[in-house]
Every structure is written in C-alpha cells, then in structure tokens.
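Residue-level structure breakdown
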Amino acid sequence: MAKIEIPKVYEAKQYEDKIYSAWEKSGFFNPDNLKGDPFAIMMPPPNVTGVLHLGHALENALMDCMARYQRMRGRKVLLVPGTDHAALPTQAKVEKMLMEKGMQNPRKELGREKLVEKIREFAEESRITILSQIKKMGTSCDWSRLAYTFDESRNRAVNELFCRLYKDGLIYRGYRVVNWSVKGQSTSSDDEIIFVERPAKLYTFKYSSDFPIAIATTRPETKLGDTAVAVHPSDARYSSYIGQVLTVDVGAAKPLQIKIIADEQVDPEFGTGALGVTPAHSAVDFAMYEKQKSKGEPIDLIPVIGPDGKMTKEAGEQYAGLSVEDARAKFVLWLRKQNLLMNEEDITQNVGTSDRYGDVIESLPMTQWWLDVKKEIPSKGKSLCDLMREAVTTGLDGDSSKKVILTPDRFTKLYLDRVDHLRDWCLSRQIWWGHRIPVWYRGDEIFVGIEPPTGEGWEQDSDTLDTWFSSGSWTFSTLGWPEKTKDLKTFHPTQWIQMGYEILYLWLMRMVLMSAYALDEIPFKDAYIHGMLRDQHGEKFSKSMGNGIDPIEVIDQYGSDALRISLLIGISPGNDSRYYTEKIESGRNFVNKLWNISRFVLTSTDMLSPELVEGVKSQTLADRWIFSRFATVTKEVTDHLEKYEFSQAGEKLRDFTWNEFADWYLEIAKIQFQDTNYQLPTINCLHFLLRNLLILWHPFMSFVTEVIWKNLSQDLLIVQPWPSEKLKYIDSNAEQDFSRVQQLIISIRNIRAQYKVRPDKKVDIRLQSSDKKVRQLLQENITIIKTLARVNDIEITNEIAEPQSGCALVALEKIIIHVMLPNEDLESERERIEKECQNLEVYIQTTETKLENKEFVSKAPVHIVETMQSKLQEAKEKFETICIQSKK
C-alpha cells in the first residue's frame, strides 16, 4: 500500500470549492437519488436586497447540520434553496440607491415599467451573489429544485391562493384604517412596524369650556377629527353622559358632533378615564367605530390627515396643508389661548415607524384589499384564526399528527397570544415590485382570476400583494402546488424548519395559515426558533453602526468549517448569541486539531489494509475505555441532535475528540505501537474511531471531514451511515477502571507541576493499595503510567509504609501515591498535608454527627445514608494513612 502523505497544515481554500463541486456532481443533494423516509427542510428564502450576512450564515449552518445528519440517518433529505423578491424592502433599497445618484422621485421620473426593470436587474444580481454565498457555506441544497418567490411557478400559486380565498369570501375590498408610510407611500402590516422609544408630550384638555369631560392625548392635531369620547360603562363619573351627543367647535371644517359612548376596553384608572375617539386615525378607535355601527349607533369618521402626511381640508381652513407637527403646535396654542389646556406632561413614548423607510407610521382610512381572519370558511366551518390556533394546540381537526411543535416551547404562548389578537390582514401595497393583485376593473365591474379577463377596457389593480402573502405558501408552492405533484405528496408537510424569532409572526403564522387553508395540512412538523446573532458587545449587526461582517470574508480567512462550528457551539433555541473573533479563531483551531489527529492516525497506520477495520477487537483497557466512551458520546450526540440541541451535541463531541481521544488514547496508542502484540489491534481501533468520528463531525464541519475521508474510502462521506449501532461497545467497568488510571496519572502530573519538576526529569513512585484488584489494574497499566506521568520506577504494594523524606503524598480512592521528589520542598509539602488533614478531620466529625442522628437516618433515602457511610470510611482510611502514619 502506498504511503499516505497529508500536508501538515489544512488550507481550507485549497479544498472547499472542489469538495462542493464533488458533492453536486454526486447527485446526493437530490433526494431522488436517496432511499429512506422523506425529510424535507425549506430554506427561509433570503431577501434579494444585497448579500448575505452573519445571521444567514447561522441559519445555513443550522439547516445544513440537520440536513446532513438526517441524510446519514438514512433519510431521503430534501433541502430546497430559494430567494425572496422581498417586494417592499427591495424597492425601497433600489429607490434609495437611485436617489443617492441624484433622482428626486424615482417612481415619478422613471414610471412603473422602467423602475421595475431597474429593480429586477438589481434583484437578479443580488440573487446570483446570494446563491454563490450559500454554496460557499457548504449548504447541501438540491439545486435542481431552486425556487424564487417571484418566478412563474410561485406567481401561479399566489394567484390561485388569492382567487380561492376571494371565492370563499375571505378576501374583500374595504375602507378601513391602515398603517401608512408617508415616505414609502404604501401601506404596512402590523408586523412591519418597529416601535421606537422617544420623548413626547401628553396633553390634557377639554374640547370647550362647557364640555364635561377632559381627555389626554399625544396627538392633539388628530382631535380635529374626533367623533366620540369613550368611557368605561361602570365609571360613575361619566355614566350620566353616556349616549349624549355634544357639539363643539375646535376650528375644524365644521363643528364636531362628539358622542359619549361606553366601551369596556377603556381603563378608568388611566389618565382622566376618558378616551377621545378618532376613528380615522387609530386602529383601536376604528374598532370602536365598527362596534358602534354594528350596534346601530354609528359615529362619524373624519380623515384630517392625508396620504401625503399633510392636514386635509376637513381639519379646517387654518390647518389644511400643514404638516402634522405644525398643526399640533398650532392646535395646542389655540387650546392654551382658549384656556382649555389643563396639563402638559413630558413622557417617553413608543412610536410605530416603518421598518424600511424609517418614518412615523400614520393610521389612515383607505380602500384596500383585506384578508378576513375571523370569518368562517364555508368548507371548514371555522375561521383562519381557528386553524392557526388548532395547528399548535390539538392539531388540525384534533389530529395530533397535524400539530406544529415549536422549539423552544415558550414561543407557543406568544404565537397563541398573537392569534387571539389578530386583526384582518391588509394585503395590498402601493408599490410596483411584487405580485400584482389579480383583480381587474371595468367601470363598476370587478374580475378576480388567475388569468386576465377577455374583452377590452379592463384595467388591472395597480397595487401589489404584501410580500408575505407569497412567502406564506413557500412550503407547498416550492413542491409544485397547485398541481398535485409527486413532490407535494412525498415531502409535504415538511419535517423541520428554522427561523429567527423576529419573523415568528411575519412568516411562521402566515405559513400555518396558508397551508392549513389550502391543503388542510400543517406546513412543517417542527419549527426551531433561534435568536439573533449579535456582535461581541451585544449590538445588532448593521451597516449604519459600522459593525457589519461579511461571512464570505470570514470564510476566506478562516474557512467555512471554522465559521460553522463557531456559530453552532454556544447557541440555544430562542436566545441571542454573540459573535467575536476569539470564537472563530477557536473554531479554526479545532478544525486544525481534527486535521492533525487524522494526519497522525493515517500516516502512522498506513500499513493497514481496509478490510481489517471490520475486524476491530479491543484488547487493552485503554481500547475498551475509548470504545465505551465513543459509544456513550455517540448516543449523547444523537440524542442532542434529535432534540435540536446543536450546541450541546457539538460540545460533547469536541470534548471527546480533544480531551479523550487526542489527549489520552492517541498518547496511549503510541505506547501500544511498541508492543507487536498490540500493533494491529491498536491500528484497527484508531481507524475505526477516526472513521466514525468523521461521520459524527460531518454535519458540523462538512468540508474538512470530507477531505480527510478521501484517505479512508473512495466513497463520499456525505452518505455514510450514522454510527448508532456501535452502542454495543459501552463498558462501564472499563470506564471505571480507566478513570482510576487517569486520576493517578493526573495526580502525579499535578505533583510534578506543583514542585516544578523539569519535564525531562523522571520521578520514582510508590503506589499503595489494600485492594488486590486495584493493584492488578495498576500492574497491567504500569507502562502507560510510567510513560504518561514521566515515572522512572514504580513500586506497587499493599503495605502501609512510612513516608520517606522528600516524598509527596496524594490519596485517591483505594490508592495512596508516594512521589519521590528530586528537588523536594518539604516545608511546603508538610503545610499541604496539614491542611488536608484539617479538612478531613472536619469532614469526619460532621459526617459522624449526622449519621449518629437517628431522626436524620430514618428520614433520609437509604442510598444517601449508604453513600455517606462509604465516604466516611474512605475519609477515615485516608486520614489514617496521610495524617497518622505520616507523623510516626
């Protein structure tokens, strides 16, 4: 067999692109070339707004770790890659870029077609970059099933969904209060609003001097459109006024008719206990408006702010055309002059702002397309909210197999709270990049359909759909829906998905809604919710803060595996984690450690013929111990991955690889190589362990493990079976015995370090034990003890011997170690022994007192009492040997 030559240093750049290309060519990314039960993972499609960031690197590491693990478990794994056209974010990004180049108003200057083309060019460039980045991260996607939320297949699915929902009466066109971005000139959903804390003023005033009720507000300019004052029905202060309509003149276009209404949602303890109702400019107030209308006691709705953010003519001649800020100042001045302003208080307020344009969101009444989430679905007898609730509680239709499990579970409560307070979803957006609403108008006629209507004079709705409408169908539209495809039948519902908690409401809920409605199925069985990746100071990564990090630059410097392992170890579901340079360097160091371990094994044992690996037979205690530990760790890692505990799995595996396999077994293997009786068995053990360690590490560090694997097999590592059957090697006796040898060696090393014995200087030791089996164990492993503890001569005895001058003592369970020091520090050793004796004496006295207490012994569990008795006896023996005998 040719001698194996492996470079001393692992250079990731030399291998990663070639390895990924080999994986692609193998066809193993495609589940059609695999056997077993289907296991589908849908990639949360990154927005085509630029390039991927470190948060995407975390997501790809999580997805690919799970995909590779399941593939090795014999599952037919499908990981669907894709990108999101991200309607509003992408258009906002391109418009900003165009304005930075000198345009004042890109929509006005370019028109719809030319602006859309500019956005399309940008999106396509971003998409190509993003897909190449995903490959750089090693993500094992099936590229033959690549999807895009704005491609023809997804457009067909989006239109089909819209039409079905419309025909079921769930989508309607209505005049309702929306969240409006003046800067973006478009509506926003509740989930696209970021609340920013800022200083504000709370004004308390009366509409007129004879108005009986005072109200408080931070938006006095909207009070020009008030049509009611709401009070709690049981509030005795105002109960006599309920039902009255009072006319006030506050300078609006016409006097206001203020009706006093009762509403149980009003908190009588907050402020004055009365709420000025502005139905046109508050979602809460609009709900009161609708409630009053349903009771047959309607109140008016007066819009005093327009889509341009300026006051309307309904606000009054002296306010029309003013900004809200100028109108506020003017109205407050009027209140003050009229002696109506009762109080002005500085407060801190959470203000809703657009997540893309950054301006304050205005609540405005508009005619838009809406999805009714509370209305009963004709074919199901329940609402969309009901379906969303069932999906995470009882399972759809009470079927537990149709239940979504959220990890961690605390997000289930947050999800359900959101469902309970969900309002109708505003679907239409006044932007040009996105799926056009499939509605056409001709005069008073309305046509809703997948394809345009025939005949002349039809004009399509100019609005586009909320981007989350198309994303909501991602798990099934990517599998061919609305066609009844083989993929849809095989892979839906999908098994697992990961996402950040920040899109729990934006995306997860909408996927549950869409899948439950369209397919009577959940979109996925398990959802892993991860936290946000932050910088070392706990700050969110952002370009504006200058702390953004390009994951590709990190990969170029450290390698993909170093990045992946540094992101996976140290995370926990639902909690934020931090990224810092030391962590990535630690990841790189471990990749190099695995490389060096493998290099030693492969170059030291290259006389091995492959078939010998199948005949592994552990001969020594060290062999049995490492096999047992490997089997235990395999089970632990498997259990952690099954519960999506990626960090715990990686930590267990890293500790075993570095601390047990490398630091202990490899060093012992070098000793066993010297004995011809143990050479081949040791080589077999090393190869067996290396092969299986590479398999266990592959989901975490896919590139370096595949590179090393090429020296062991012609087959690719990516589809090697997971080593779960190796659990037969668990040997608790071997672990216990080897642990005793380990403790002995460590104790001797500690004595050497304490007394600064030079590494090249060997010491003599005496090992004293009254246990015959322990003495036999020590004798059988005497060569290992001598080599690893740097010992010259060992005396193993059962006789209690008086410590010699210049001797350090260490007492272990059933073993007393006498270390002969070449450069003894007797005074230091005497002080150490004296302190240990004092501690032992206190322990013995305390434990004896407890065991003499009959009440304690009678109430304590039997195993606790037995353990205390055993430890007491051990402490007494130790005291006798170290403290009494040493003084003789």
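Given the structure is predicted, the values throughout are model-derived calculations rather than measurements. Positions within a chain are numbered from 1, following the residues in the order the chain's sequence is written. Only residues with pLDDT of 70 or above have their local features reported here, since the model is predicted, and side-chain atom pairs are shown and tallied only from 80 upward, although totals for entire chains, interfaces and linings are computed over all residues. Heavy atoms from the whole structure form the basis of all side-chain values; hydrogens and water molecules are not counted.

1. With respect to helix 19 (residues 679-697)
Helical geometry: 3.6 residues make up each α-helical turn, so side chains three or four residues apart lie on a common side. Note the threshold: Secondary structure counts use DSSP, requiring at least four H or I residues in a row for a helix and at least two E residues in a row for a strand, with both numbered from the N terminus. For a helix, the expected span equals 1.5 Å multiplied by the residue count minus one. Exposure categories follow from relative accessible area, calculated using a 1.4 Å probe and restricted to protein chains: below 20% of the type maximum is buried, above 50% is exposed, and the middle band is partly exposed.
Spanning 19 residues, helix 19 covers 27 Å between terminal C-alpha atoms, matching the ideal 27 Å at 1.5 Å per step. Burial analysis of helix 19 places 16 of its 19 residues in the buried class, which makes it a mostly covered element.

2. With respect to the packing of aromatic side chains
Selection criterion: Ring pairs are drawn from Phe, Tyr and Trp, using the six-membered ring of Trp, whenever the two centres fall within 6.5 Å, and their geometry is named by plane angle: stacked under 30 degrees, edge-to-face over 60, tilted for the rest. Here, a charge over a ring is recorded when the distance from Lys NZ or Arg CZ to the ring centre is within 6 Å and its angle to the ring normal is within 35 degrees.
Under the definition given, this model contains 38 aromatic pairs. For the pair phenylalanine 688 and tyrosine 729, a centre-to-centre distance of 5.7 Å together with 70° between the ring planes defines the contact as edge-to-face. Here phenylalanine 688 is found in helix 19, whereas its partner tyrosine 729 is found in the loop between helix 20 (702-709) and helix 21 (732-754), with 41 residues between them in sequence. Grouping aromatic residues by their ring pairs yields a cluster made of Phe205, Tyr207, Phe211, Tyr319, Phe331 and Trp334. Here the basic side chain of arginine 127 rests over the ring of tyrosine 148, its NZ or CZ set 4.8 Å away from the ring centre.

3. As for the packing of helix 18 (residues 646-672) against helix 19
Formally: The axes are straight lines fitted to the C-alpha atoms, using for helices just the contacting stretch, and the angles between their N-to-C directions are given from 0 to 180°. An angle below 35 degrees is read as roughly parallel, one above 145 as roughly antiparallel, one from 65 to 115 as roughly perpendicular, and any other as oblique. By the definition used in this description, the sense in which the near helix is turned from the far one sets the handedness, with an anticlockwise turn below a right angle giving left-handed and a clockwise turn giving right-handed. Working rule for contacts: check all heavy atoms of both residues, and any pair within 4.5 Å makes them a contact. Note on residue classes: Ala, Val, Leu, Ile, Met, Phe, Trp, Tyr, Cys and Pro are nonpolar, Asp, Glu, Lys and Arg are charged, and everything else, Gly too, is polar.
Contact pair helix 18 / helix 19: the axes reach a minimum separation of 12 Å and the direction vectors enclose 165°. By the angle between their directions, the pair helix 18 and helix 19 is classed as roughly antiparallel. The two elements helix 18 and helix 19 cross, and the hand of that crossing is left-handed. In this structure, helix 18 uses Gly650, Leu653, Arg654, Phe656, Thr657, Phe661, Tyr665, Leu666, Ala669 and Gln672 to contact helix 19, whose residues at the interface are Gln679, Thr682, Cys685, Leu686, Leu689, Leu693, Leu696 and Trp697. Looking at the contact of helix 18 with helix 19, its residues break down into 12 nonpolar, 5 polar and 1 charged.

4. Considering the pattern of salt bridges
Test applied: We define a salt bridge as a side-chain nitrogen of Lys or Arg found within 4 Å of a carboxyl oxygen belonging to Asp or Glu.
Under the criterion given, the structure shown has 47 salt bridges. Here aspartate 263 and lysine 291 are joined by a salt bridge, their closest N and O atoms 3.2 Å apart. Placement of the pair is aspartate 263 in the loop between strand 11 (256-262) and strand 12 (274-277) and lysine 291 in helix 6 (residues 283-294), with a sequence separation of 28 residues. Residue aspartate 263 is classed as buried on the basis of its relative accessible area of 4%. Owing to a relative accessible area of 36%, lysine 291 belongs among the partly exposed residues under this scheme. Of the charged contacts, one joins aspartate 760 and arginine 758 as a salt bridge, the two residues approaching to 3.1 Å between their closest N and O atoms. When its relative accessible area of 54% is taken as the criterion, aspartate 760 is described as exposed. Taken together, the shared-partner salt bridges connect Asp32, Asp142, Arg145 and Asp487 into one network.

5. Focus: the sheet that holds strand 8 (residues 215-217)
Selection criterion: A pair of strands is labelled paired if DSSP reports no fewer than 2 bridges between them.
Here we have 3 strands laid out as an open sheet, ordered 8-7-13, and antiparallel in their pairing. If you trace the sheet from one side to the other, it starts and ends with strand 8 and strand 13 (341-354), each paired once. Taking the axes of each pair of neighbouring strands and ignoring which way they run, one obtains an average angle of 25° across the sheet. As defined by bridge partners, strand 7 (residues 193-205) adjoins strand 8 across 3 bridges and the pair is classed as antiparallel. Paired with tyrosine 203 across the two strands is threonine 217, which belongs to strand 8. Strands in contact with helix 7 (residues 324-337) are strand 7 and strand 13; relative to strand 13, the strand with the most contacts, it is inclined by about 165°.

6. Quick look at the side chain of aspartate 372
Heads up, the rule is: The positive count covers Lys and Arg only, the negative count covers Asp and Glu only, and His and the chain ends enter neither. Polar contact is the term for a pair of N or O atoms within 3.5 Å; when the atoms are in protein, one must be able to donate a hydrogen and the other to accept it, and sequence-neighboring residues count only if both atoms are side-chain atoms.
Within the secondary structure layout, aspartate 372 lies in the loop between strand 14 (362-371) and helix 8 (384-392). Salt bridges are absent for the buried aspartate 372, whose nearest opposite-charge side chain, lysine 375, sits at 5.8 Å. A polar contact of 3.0 Å, which involves the side chain of aspartate 372, links it to the backbone nitrogen of lysine 375. If sequence neighbours within four positions are ignored, aspartate 372 has contacts with Leu170, Tyr172, Leu384 and Asp424.

7. Structural notes on the state of the cysteines
So the rule is basically this: Disulfide: a pair of cysteine sulfur atoms within 2.5 Å of each other.
Under the criterion given, the structure shown has 0 disulfides. Between cysteine 163, a cysteine without a disulfide, and cysteine 426, which holds the nearest cysteine sulfur, the sulfur-to-sulfur distance is 18 Å. Here cysteine 163 falls in the buried class, since its relative accessible area comes to 5%.

8. Here we look at the side chain of glutamate 59
Turning to its location among the elements, glutamate 59 is positioned in helix 2 (residues 54-72). The side chain of glutamate 59 sits in the buried core without any salt bridge; lysine 540 is the nearest counter-charge, 12 Å away. Sequence-distant contacts of glutamate 59, that is, excluding residues within four places in its chain, are made with Pro44, Gln498, Met499, Gly500 and His530.

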